[in-house]
Number of protein chains: 4
Amino acid sequence: MSELREECGVVGVFSPRETYEIGRTVYYGLYSLQHRGQESCGIVVNDDGVFASHKDLGLVNDVFNNSTLDELGVGSLAVGHVRYGTTGKNERANAQPIVVNHIKGSMAVAHNGNIVNSGDLRRELELEGSIFQTTSDTEVIAYLITKERLRTDCIENAINAAMHRLKGAYSLCVMSPNKLIAVRDDRGFRPLCYGLTEDGRYVVASESCALDAVGAKFVRDIEPGEIVIFNHDGIRSIKDHCNKNPKSICIFEYIYFARPDSKIDGISVHRARVEAGRALAIDYPVDADIVIGVPDSGLDAAVGYARESGIPYGMGFVKNKYIGRTFIAPGQAQREKLVNIKLNVIEETVRGKRVVMIDDSIVRGTTSRNIVEKLRHAGAKEVHLMLTAPPFVDECYYGTDVSDKSQLIAANHTVDEICTLIGCDSIGFLKMERLHEMIGTAPNVGYCDACFGGEYPAGRATTGKFKFETKLSESKKKEN
Amino acid sequence: MSELREECGVVGVFSPRETYEIGRTVYYGLYSLQHRGQESCGIVVNDDGVFASHKDLGLVNDVFNNSTLDELGVGSLAVGHVRYGTTGKNERANAQPIVVNHIKGSMAVAHNGNIVNSGDLRRELELEGSIFQTTSDTEVIAYLITKERLRTDCIENAINAAMHRLKGAYSLCVMSPNKLIAVRDDRGFRPLCYGLTEDGRYVVASESCALDAVGAKFVRDIEPGEIVIFNHDGIRSIKDHCNKNPKSICIFEYIYFARPDSKIDGISVHRARVEAGRALAIDYPVDADIVIGVPDSGLDAAVGYARESGIPYGMGFVKNKYIGRTFIAPGQAQREKLVNIKLNVIEETVRGKRVVMIDDSIVRGTTSRNIVEKLRHAGAKEVHLMLTAPPFVDECYYGTDVSDKSQLIAANHTVDEICTLIGCDSIGFLKMERLHEMIGTAPNVGYCDACFGGEYPAGRATTGKFKFETKLSESKKKEN
Amino acid sequence: MSELREECGVVGVFSPRETYEIGRTVYYGLYSLQHRGQESCGIVVNDDGVFASHKDLGLVNDVFNNSTLDELGVGSLAVGHVRYGTTGKNERANAQPIVVNHIKGSMAVAHNGNIVNSGDLRRELELEGSIFQTTSDTEVIAYLITKERLRTDCIENAINAAMHRLKGAYSLCVMSPNKLIAVRDDRGFRPLCYGLTEDGRYVVASESCALDAVGAKFVRDIEPGEIVIFNHDGIRSIKDHCNKNPKSICIFEYIYFARPDSKIDGISVHRARVEAGRALAIDYPVDADIVIGVPDSGLDAAVGYARESGIPYGMGFVKNKYIGRTFIAPGQAQREKLVNIKLNVIEETVRGKRVVMIDDSIVRGTTSRNIVEKLRHAGAKEVHLMLTAPPFVDECYYGTDVSDKSQLIAANHTVDEICTLIGCDSIGFLKMERLHEMIGTAPNVGYCDACFGGEYPAGRATTGKFKFETKLSESKKKEN
Amino acid sequence: MSELREECGVVGVFSPRETYEIGRTVYYGLYSLQHRGQESCGIVVNDDGVFASHKDLGLVNDVFNNSTLDELGVGSLAVGHVRYGTTGKNERANAQPIVVNHIKGSMAVAHNGNIVNSGDLRRELELEGSIFQTTSDTEVIAYLITKERLRTDCIENAINAAMHRLKGAYSLCVMSPNKLIAVRDDRGFRPLCYGLTEDGRYVVASESCALDAVGAKFVRDIEPGEIVIFNHDGIRSIKDHCNKNPKSICIFEYIYFARPDSKIDGISVHRARVEAGRALAIDYPVDADIVIGVPDSGLDAAVGYARESGIPYGMGFVKNKYIGRTFIAPGQAQREKLVNIKLNVIEETVRGKRVVMIDDSIVRGTTSRNIVEKLRHAGAKEVHLMLTAPPFVDECYYGTDVSDKSQLIAANHTVDEICTLIGCDSIGFLKMERLHEMIGTAPNVGYCDACFGGEYPAGRATTGKFKFETKLSESKKKEN
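In the annotation of an unreviewed UniProt entry, chain A is listed under the name Amidophosphoribosyltransferase and assigned to Mogibacterium diversum. Here is the UniProt Sequence similarities (unreviewed entry) comment for chain A, exactly as written: "In the C-terminal section; belongs to the purine/pyrimidine phosphoribosyltransferase family." Per UniProt, the comment on chain A under Pathway (unreviewed entry) is "Purine metabolism; IMP biosynthesis via de novo pathway; N(1)-(5-phospho-D-ribosyl)glycinamide from 5-phospho-alpha-D-ribose 1-diphosphate: step 1/2."

Laid out in structure tokens, this is it:
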């Protein structure tokens, strides 16, 4: 029920044989990554250098049907994308993958992340005469690769060169006329992994759950800074950018974004959440009757809290699973009823009980206040709210929509004030020092906690990330 | 993940004042009953005797948008319906509510259930010159009411008279030019209840979760055999058909169909499932490491099993929540992967563990076999399958699609054979004698367990219920 | 550009062999009858007694695509319908053909016309307990046939009996489990004919242009009062109702409704219009430079006027052929520009000229005034308006939407007043005594000219034809 | 009924005041230019430098509805485009106008024509690192303007500079943050004109019929080579490229592409066609009974032939006006019936007659042969086919799809052979020397007749124009 949204999910497939199934393989992969982006999606199929693409606003199973998949035709390479879109307008033009044609053939790029210096790069490219048809930073990436491509002998070397210019978060699936290339930025902000099917198809995906969906066996994560090339010659890796910077995987991937059945950089997301629940139970012991989780991301942590505390685990809510993109939200007058429609309390579980409720985080606090109120309305005697994340106190520039500090309740209120505003009996945020426990103590395990008040590993965005478009136009519309 | 489907859900609203919101109130109610029928849906709004309707194949949030709701206009009465359709073809013509016009004004009927003597009634009506435009038994109900209406002074008395002719399961929302009427068959096979909003609107619904969704406070269940009339004069009840027969609520409403946040006839569905889990733990104790539930209906019972047995509760699966009506199912060649797409195992939870898995029931056994296989593939050492229902051994004629005995694994195999076929280490079905424990021991608590080998409280259908249409045509097409 | 609309067009096909093409044959037939109804359309295919249907609001090529046609499946019988709908609301429920199921099997009815005593018949049927699911009089026809079917040995005899009860205009395609039956009311208000393809399929259609479209050779018109049965035994005709009343073909079929390439009752529509133009030239000689027709129905008559008068024929207008059902009409502020969008003057033709402009008729006069103004704006020195119909002075009850006398300019103004209101230099209406010249002097050639002040051959409608629905509800909503 | 298609139509509007109507003004303009392109369309509205766009495959009234127009919002500038697309695939990505963002603000480009050196220019740009997201030459134009924009002080000067590089046919509507700019290539292959509404809005359009549609008064044609700038300072013209080359308006605009109510470069299209008919009557006198035109482009010329020859003009055909993009074409087995569906003969007009039939041109000859056969089937004694164009013997590189010489009947057969192949009694092509008579003898009246065997004023395309895409990929896919 968090109001937070991830930017994107990517999928890429290389098949040693041309097949009509390749578009459907990407479809099922995207479908299992739908939680990473619900605004638009797209698939590009590569038939021996000729690219066929279909993309549109909507969920994967709205945008694609048998007819649109059939039209994508046969191919041995394909990439796909689901998008939420934290930068750039929610327009069809911004749907990915982006396909560009240049002197060396076509290229498709699917991107998850956010380039912090895209404003500077864009300005620089524009001064050389480049034109941009979208407001997405993915077009900037495509340009940089293309520029380098003129100076290099192959696309992977062009990518390698372009990475020197790109700052920020990027996990990419790049498709050239005959290669599939997986790229992850040198700090590894966003996840990326690959697997192999029994019949020899390589599948690259943002999360391992997409490999499960298409029947591919997980092979390994792409390393931060690594470029992995899949083609008829097999797999090849370029590691020039590896191990130059400490790893900075977004800790919120574990807390909220990723699916619990995914493993990211060797750590089960489900396990990370259970551990967060345990940590909360240790740090915030409560005399209560039942532990419930707010679906879906609070459920795993509730199990952890219950196990650690010995308080029984219960089912507190039913979430309506039929919510679709076309759902008609209640008008202002009916707004307060929205929680009941999407999420209803199981009164049986909470009536007369002292309840520990686990959720992932608090952004503005509105949703949490509503849920707490519903629990009390259903008869809960006490409500203790436990969050599997520290308080949000700063913006994220690496591919999520944690933005606008003025909207963040924790950036403007003390924990006690938040407890009062939310209306709960007590409140517990996961402590910063517990974050590393979620993902284990292996060497080379670093994470980004900038939005919780930590360091910004790749700096802040150089131009206003949010409302980028408006600012752009305001600065320029007078010029001509 | 059961392959079973409920027939329908109904909603009705009476507002003391005309309002443009009435269509949206029904919309939110239907949306929360979507689990009761995903094939088609419809809403009829009554503006002072003039009925405006919209119905179509599809989910509630596909069929309705702001424009279609606006076109329904203002009104003080409205009824709605979601349908799966166990009888009659899945055609737009069979979508409900049915609107009929006759000498006393228009009438809309929304029906959940199945009339076992509809074949006889239909033949009788046809011999009097009646014509049928659908293959649904709801049209038979509408005819009977209309016929009686000619002999009676008001619609409620006509309904009362018609009920003498109707055999089987029916929970109805009937709308006349100025009344909303809730009707439940005299054995109460299907649930029906009503509530009241703060601003004085009465809401009738199949399940109490729909009352929560529209902000209505639950008042009470409609009694088996009761007719409740809502209009400007208030509420009135006719109980001529009450207490003539023992109650026969479908026990499978508790096991699977209803939402766990609903209460049916005074019993929380969630509680009933938790109790079923407890009973399984008592009857089938297992030496295991983790208890998991198959989403969604097995989760509540898993909590009950875990509590009773002391074995830890775990999250075993992630269910893809974006599955829509337009989802492209994999072709035959990819069929075995379907389970991974809809439902994926959380490997972290089960690897190296002895697993107790709770599901609601087994129909053909295919799905269960696949799930067990996935658990083993993910590293489960043992899988013990516990079902919150006894084995299906016979057909249902009261509004579900448990049909065709030849397809029912339990009608053709012993429990041991089933265990082998499914591939689990042990299997436990809820015992028949435990069913009554699910719903308590209050007086007047009876239930229908015909499909588990119990009695058929209202007899079997007199004409072939399934493939009704084909048989009809086969017998008739030669006649003319 | 007339604001008048026909009610409907019908098509029926009997093929001696089952074929997947049968739905497409009806599709092409309906497509060529699209001018007879643009609101909704439908096709029903009969596969050995099992009826598959698809109908919806929209044009033929919006409602049907390869997928919907494929779903209709194989069959040896099919009927189709295009509808404008002068009676009953423009709702999907009112789309035809109507399919009803009764004791003797299914029946589909497609109807062009209007039953004047449908109000009485409906009330009578309702008093016997009949229910109506549409507001269309076609349902009344279906009921009457069904009632008689119980007393007769075959459907054609049931139709024959029902015709004694039906008053008004009806050309029907009726489909039983194994027969296609064409029926025309005993005065022949609406056209109906049949043809035969080379491979032995019989095709019934409202106009002969539909036979051309599907490659069928015209055989003959159905006679007024005739019932023609097509089945595996060949063709059979029942003529009990023939020659009981004088023929009353709607003269406006020739003037406006029908396509000029159709022949109706032996007379070419194109020829009838040319003759009307000639008659106008004789009765209203004008000293002019050019004769132009308002597309499309005025073009043929303009050729006749030009030939008779010796004044050159010219192309005066371009009509936008891409107008679709979804065209966005200009708002009130832009309304005056609407004529330019749909119809633009060819300035080259009229600048500096004295223009004779031929149109079919004047209803409210608004359109004519706009067109005359456009001609003057384009430089026409004089505009003489010639109409191929006498003035509309009364309502039509036989299947067109000439209604509401208060809206008819000619019912409320003299010819001189009309000339002034329209803004033309002179105006000439076809004289009543010329009407018969349009369709020749063969014996048994009668026509209906009621809307021009003639007799009503079948009387006026017994209940308010227009706004039937509202009246119905007003009289009834208080009853219950 | 010609199989030829125009590439595109463009519309641009500058309003001195911001208005919500601006999108609708473009909509009506595009709607009246629909004959110039039916594959895709788009509108871009400029609200003070922020561009909102909507474009898609489909007809104007399918792609746009009130909701999509509302979303375009308010603005003082807007451009629109309808496309057939002779170059580049029929993909949504190729829909226009193209919107690009660069350092000087956004720019939208709508293009009618074809750049013959686009292959060279594209290669040159790609070597500088440019990327292309479409296969349309319009993107090349946008790049060239952008590159020049970096070196110039305003967009109009950038366009002026870019025109030195562009060879071929282009009529453009360019929109910058605060200017609307109309551009026509220096030979004026494609038409372009502008008008003014009473409330001060300037409207640029491919044809004057679009000005009529939106209520703008025609002001003048854009001169070949001219750049006209519309903004708050009024109108300004740059004529550096004017009068450097002889004018080469596509003569086929008059013969077929343009609407007869349009005037192009001072000449009425209707008049040009009438004159062509007259010329045919002089050069090919026939002893016949009736002159008919093939709709729509043959009708005007038939009037001219009839006037000159004294043979009566008649209506020979009815064209189905409801043909839409979604019309289901008959399968191979039914192909021969297609002519009857789209176009039916009025038998009354031709039976027993010697017929002169006027059409615009013959491409492959298939359609003409079908039509002649239909006339004979309907009873025509003789059929004399007159074409208002000389024989097509060569390809067009300037924005039409006259391509592939191997398909052109006249490039491979003598006139006598064509007459035999078509099956007519005689055949007459407009003589090359008559072409100039169609458009008058004013000074500076030149035209392009390259496809009829004349000179190619701007040379042939330097890369294969047709199947451009495939060749591109073939040459490149091996490179990487």
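(A) The arrangement of the overall build of chain A in detail. A count of helices and strands for chain A gives 17 helices and 23 strands. Within the span of chain A, comprising 480 residues, buried residues form 67% of the whole. Of the contacts made within chain A by residues no fewer than 6 positions apart, 69% connect residues no fewer than 24 positions apart. Accessible surface computed for chain A: about 15,600 Å², of which carbon and sulfur atoms make up 47%.

(B) Quick look at the interface of chain B and chain C. Every contact between the two is made by 48 residues of chain B and, on the other side, 47 residues of chain C. Summing both partners gives a buried area of about 4,000 Å² for chain B against chain C, and 47% of it is carried by carbon and sulfur. At the junction of chain B and chain C, the tally comes to 0 salt bridges. Where the side of chain B that touches chain C is concerned, the elements lending two or more residues are β3 (50-57), β5 (98-102), α4 (118-127), α5 (138-149) and α17 (468-476) of chain B. Considered class by class, the residues forming the side of chain B that touches chain C number 16 nonpolar, 14 polar and 18 charged.

(C) Local environment of the relation of the copies chain B and chain A. With an axial shift of 0.0 Å and an RMSD of 0.0 Å, the rotation relating chain B to chain A amounts to 180°. Both copies are brought into coincidence by an operation consistent with a two-fold rotation axis. Scanning chain B for the C-alpha nearest the rotation axis identifies Lys321 of chain B, at a separation of 2.9 Å. A symmetric contact is evident, with 100% of the interface residues of chain B recurring at the interface of chain A.

(D) Local environment of the side chain of His35 of chain D. Here His35 of chain D shows up in the loop between α1 (22-32) and β2 (40-47). Here the side chain of His35 of chain D touches Ser32 of chain D through a polar contact of 3.4 Å, landing on its backbone oxygen. Discounting residues that sit within four places of it in the chain, His35 of chain D has contacts with Tyr322 of chain C together with Glu207, Cys209, Phe257, Ala258 and Arg259 of chain D.

(E) Region of the structure containing the domain arrangement of chain A. Residue and element names in this part refer to chain A. Partitioning chain A into structural domains gives domain 1 (8-245) and domain 2 (263-449). Facing the 17 residues of domain 1 at the interface are 11 residues of domain 2. Of the roughly 1,200 Å² buried where domain 1 meets domain 2, counting both sides, 53% is carbon and sulfur surface. For Asp265, the salt bridge is made with Arg184, and the minimal N-O distance between the two is 2.9 Å. At the boundary of domain 1 with domain 2, the tally comes to 6 residue pairs in polar contact (both at pLDDT 80 or more). Looking at the side of domain 1 that touches domain 2 residue by residue, the classes come out as 7 nonpolar, 6 polar and 4 charged.

(F) Molecular detail of the UniProt feature "binding site: Mg(2+)" (unreviewed entry) in chain A. All names here are of chain A. UniProt marks Ser297, Asp359 and Asp360 with the feature "binding site: Mg(2+)" (unreviewed entry), using the numbering shown here. Across 64 residues in sequence, these annotated residues keep their C-alpha atoms within 7.0 Å of one another, forming a single compact spot. Take Asp359: it is sitting in strand β20 (residues 354-359). Residue Asp359 is classed as buried on the basis of its relative accessible area of 3%. Aside from chain neighbours lying at most four places away, what touches Asp359 is Val294, Ser368, Leu385, Met386, Leu387 and Thr388. By secondary structure assignment, the location of Asp360 is in the loop between β20 and α13 (366-377). A polar contact is formed between the side chain of Asp360 and the side chain of Ser297, at a distance of 2.5 Å.

(G) Quick look at the pattern of salt bridges. Applying the stated criterion to the full structure yields 116 salt bridges over all chains. The closest approach of N and O atoms between Glu124 of chain B and Arg165 of chain B, which form a salt bridge, is 2.9 Å. Of this pair, Glu124 of chain B sits in helix α4 while Arg165 of chain B sits in the loop between α6 (155-162) and β7 (168-175), and the two are 41 residues apart along the sequence. The exposure class assigned to Arg165 of chain B is partly exposed, which follows from its relative accessible area of 32%. Arg354 of chain D serves as the salt-bridge partner of Asp289 of chain D, at 2.8 Å between the closest nitrogen and oxygen. Here Arg354 of chain D lies in strand β20 (residues 354-359) and Asp289 of chain D lies in the loop between α9 (269-283) and β17 (290-293), a separation of 65 residues in the sequence. Judged by its relative accessible area of 25%, Asp289 of chain D is partly exposed. The partly exposed category is assigned to Arg354 of chain D, whose relative accessible area is 22%. By sharing partners, the salt bridges in this structure join Arg36, Arg190, Glu207 and Glu253 of chain A into a single network.

(H) Up close: the side chain of Ser248 of chain C. All names here are of chain C. Position of Ser248 relative to the elements: it lies in the loop between β13 (234-238) and β14 (249-250). When its relative accessible area of 3% is taken as the criterion, Ser248 is described as buried. For Ser248, the residues in contact, after removing those within four places along its chain, are Arg187, Gly188, Phe189, Gly446, Tyr447, Cys448 and Pro457.

(I) Focus on the sheet that holds strand β10 (residues 202-205) of chain A. Residues and elements named next belong to chain A. Strand order in the open sheet formed by 7 strands is β3-β2-β4-β1-β10-β9-β11, with antiparallel pairing between adjacent strands. A strand with exactly one partner marks an edge of an open sheet, and here the two such strands are β3 (50-57) and β11 (217-221). With strand direction ignored, the average angle separating the axes of adjacent strands in the sheet is 15°. With 8 bridges joining them, strand β1 (residues 8-19) and strand β4 (residues 75-83) adopt antiparallel strand pairing.

(J) Structural view of the sheet that holds strand β1 (residues 8-19) of chain C. All names here are of chain C. Overall, antiparallel pairing links the 7 strands, which are arranged β3-β2-β4-β1-β10-β9-β11 in an open sheet. Of all strands in the sheet, those with a lone pairing partner are β3 (50-57) and β11 (217-221), marking the two edges. Strand-to-strand twist in this sheet, taken as the mean axis angle between neighbours without regard to direction, amounts to 15°. Across the sheet, helix α1 (residues 22-32) lies against β1, β2 (40-47) and β4 (75-83), angled at about 25° from β4, the strand it touches most.

(K) Up close: the pairing of β2 of chain D. Residues and elements named next belong to chain D. Across the 8 residues that make up β2, a large majority, 7, are buried. Sheet topology places β2 next to strand β3 (residues 50-57); 8 bridges connect them, and they run antiparallel. Across the sheet, residue Ile43 finds its bridge partner in β3, namely His54. Connecting β2 to the antiparallel partner β3 that follows it, the hairpin turn spans 2 residues, and Asp48 within it adopts a positive phi of roughly 55°. Across 7 bridges, the pairing between β2 and strand β4 (residues 75-83) is antiparallel. Paired with Ser40 across the bridge in β4 is Arg83.

(L) Just the packing of helix α5 (residues 138-149) of chain D against helix α6 (residues 155-162) of chain D, in detail. Residues and elements named next belong to chain D. Interaxial distance between α5 and α6 falls to 8 Å at its minimum, and their mutual angle equals 120°. Here α5 is positioned oblique relative to α6, judged by the angle of their axes. Seen from above, α5 lies across α6 with right-handed handedness. Contacts between α5 and α6 involve Leu144, Ile145, Glu148 and Arg149 on the former and, on the latter, Ile155, Ala158, Ile159, Ala161 and Ala162. Here the contact of α5 with α6 is composed, by residue class, of 7 nonpolar, no polar and 2 charged.

(M) The interface of chain B and chain A, seen in detail. Contact residues are listed per partner, giving 59 residues for chain B and 59 residues for chain A. Looking only at chain B, the three residues that lose the most surface to chain A are Tyr31, Tyr322 and Ile328 of chain B, adding up to 16% of its buried area. On inspection of chain B and its partner chain A, the count reaches 6 salt bridges. Broken down by class, the residue content of the side of chain B that touches chain A amounts to 26 nonpolar, 17 polar and 16 charged.

(N) Quick look at the confidence of the model for chain A. Residues and elements named next belong to chain A. Looking at chain A as a whole, the pLDDT averages 89, with 89% of positions reaching at least 70. Across residues 464-480, confidence stays below pLDDT 50; counting only partners more than four residues off in sequence or on other chains, it has 42 contacts. Scoring the predicted complex yields pTM 0.88 and, for the interface, ipTM 0.91.

(O) How the structure looks around the environment of Tyr397 of chain C. Residue and element names in this part refer to chain C. Structurally, Tyr397 can be placed in the loop between β21 (382-387) and α14 (409-412). Classification of Tyr397 as buried rests on a relative accessible area of 7%. Here the alpha-carbon distance between Tyr397 and Cys451, two residues 54 residues apart in the chain, equals 9.0 Å. Separated by 2.9 Å, the side chains of Tyr397 and Glu395 make a polar contact. Here the side chain of Tyr397 touches Arg460 through a polar contact of 3.3 Å, side chain to side chain.

What counts and how
Residues numbered from 1 in each chain as written. Chains lettered and ligands numbered in written order. Predicted model: local features only at pLDDT ≥ 70, side-chain atom pairs only at ≥ 80, totals over all residues. Heavy atoms only, no water. UniProt positions renumbered as here; feature names shortened; annotations may be inferred. Helix = DSSP H or I, 4+ residues; strand = E, 2+ residues; numbered from the N terminus. Buried < 20%, exposed > 50% of the residue type's maximum accessible area, 1.4 Å probe, protein only. Contact = heavy atoms within 4.5 Å. Areas by Shrake-Rupley, 256 points an atom, 1.4 Å probe, with all protein chains shown as cover. Buried area = accessible area lost by both parts, 1.4 Å probe. Salt bridge = Lys/Arg side-chain N within 4 Å of Asp/Glu carboxyl O. Nonpolar A, V, L, I, M, F, W, Y, C, P; charged D, E, K, R; others polar. Least-squares fit on C-alpha atoms with pLDDT ≥ 70 in both. Polar contact = N/O pair within 3.5 Å; in protein donor to acceptor, adjacent residues only side chain to side chain. Domains from an automatic or database assignment. Pairing = 2+ DSSP bridges. Axes fitted to C-alpha atoms, helices over the stretch in contact; angles between N-to-C directions. Parallel < 35°, antiparallel > 145°, perpendicular 65-115°, else oblique. Left-handed = near helix turned anticlockwise from the far one by under 90°. pLDDT = per-residue confidence, 0-100.

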